[in-house]
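The primary structure of each chain is shown beneath.
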Amino acid sequence: MILITGGAGYIGSHTHKLLASQGRHCRIFDNFSTGHKDFVKWGELVEGDLLNPADLNRAFVGGQIEAVIHFAAKAYVGESMENPAKYYQNNVTGTLNLLTAMQAHGVDKILFSSTCAVYGVPNQVPITESEVPRPINVYGRTKRMIEQILEDYSDAYRLKYTALRYFNAAGADLDLEIGERHQPETHAIPLAIEAAMGLRPSFTIFGQDYPTPDGTCIRDYIHVADLARAHQLALDRLLAGGDSLKVNLGCNQGLSVLELVQQVKELSGRDFKVVQGQRRPGDPAELCADNQMASQELGWKPQFEDPRSIIKSAWDWHQKENH
Ligand code: UDP
């Protein structure tokens, strides 16, 4: 049995669906603060909070847990700067509680949702895993701290971990059973799609004076189904005795905000108002993954390499959600 914390969330539910389709038994642990009950379709559910050790204990009782996939976290950069306590508590203390419960129940393998936000402003793009992490926001710092805790636990105890450093997750399940549903929504692709659907009056570009070819920020968008497959491969690697690892998950393909807006317009066939806004604090100009390590260590390659295919699947999901 695989325990998936945050399995009712965006990336967690896609990973759960993939593992369940392969006949693997999963147990979801979620407090539904940002997850969705209708995204838990395939496995057992234990409703609970990482900050409550008694809840966590229930998650490990009954059925041997082979490994944990740990998605549950707070993940808004802006909110992390305004309310750091919420982030240190939920992300860092929550993970420490999880590791304590794992030790108590003899579970020694964990996949951890890390982020390219651990890199801050990188010295080199595409970013390799040897780039020294220097996060520039509280969210990224909490994720980096957890990586360091995992390093120390891995050195001192029997624990093996894989920290998966996600670039920009986007898109949705092709069956449209699950998809991206954030409240509030802050991400560029869903916001541009909602503008194209007339659900928002406009889309604001945060800064057009960056040192990039068109002046807008460049990001590396990765389809959530490709992320799910990377988790499955990383899980198999750990279960086969693989060593601890930190690895980037991105497509090694940069897309600027202006290009993204243009592609949403072309795909939807709808024009919408685009407003020039201020830079958003904490946004590096360019983030793009070197993904050779994922290829070598996990045997992973993205199947959705063209950003249009990622945007198309997000578009289809938003059509369904808003019907
Ligand atoms: N962005 C934007 N307008 C928006 C939301 C995002 O211009 O309404 C930009 C943001 O500044 C960043 C890129 O789009 O450069 C991707 O932002 P998102 O929040 O989707 O992901 P992040 O890179 O912050 O994880």
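Because the structure is predicted, anything quoted here is derived from the model rather than measured.

Scoring rules and cut-offs
Residues numbered from 1 in each chain as written. Predicted model: local features only at pLDDT ≥ 70, side-chain atom pairs only at ≥ 80, totals over all residues. Heavy atoms only, no water. Near = heavy atom within 4 Å. Polar contact = N/O pair within 3.5 Å; in protein donor to acceptor, adjacent residues only side chain to side chain. Areas by Shrake-Rupley, 256 points an atom, 1.4 Å probe, with all protein chains shown as cover. Helix = DSSP H or I, 4+ residues; strand = E, 2+ residues; numbered from the N terminus. Nonpolar A, V, L, I, M, F, W, Y, C, P; charged D, E, K, R; others polar.

S.K.: What is the right way to look at the site of the ligand in this model?
M.R.: Close to the ligand lie 15 residues, the nearest being A188, T204, R219, R280 and D283. Residue F206 places a main-chain N or O atom 2.9 Å away from an oxygen atom belonging to the ligand. One nitrogen or oxygen atom from the side chain of D283 is found 2.5 Å from an oxygen atom belonging to the ligand. A total of 520 Å² of accessible area belongs to the ligand in isolation, and the protein chains cover 87% of it. If you list the elements that add at least two residues to the shell around the ligand, you get α6 (188-196) and β8 (202-206). With 4 residues, β8 is the largest single contributor of residues to the shell around the ligand. Residues of the shell around the ligand, tallied by class, amount to 8 nonpolar, 4 polar and 3 charged.

S.K.: What am I meant to see in the environment of D175 here?
M.R.: Along the polypeptide, D175 turns up in the loop between β7 (168-170) and α6. Along the backbone, D175 and S80 are 95 residues apart, and their C-alpha atoms lie at a distance of 33 Å. Within the structure, D175 has its side chain in polar contact with the side chain of K17 (distance 2.6 Å).

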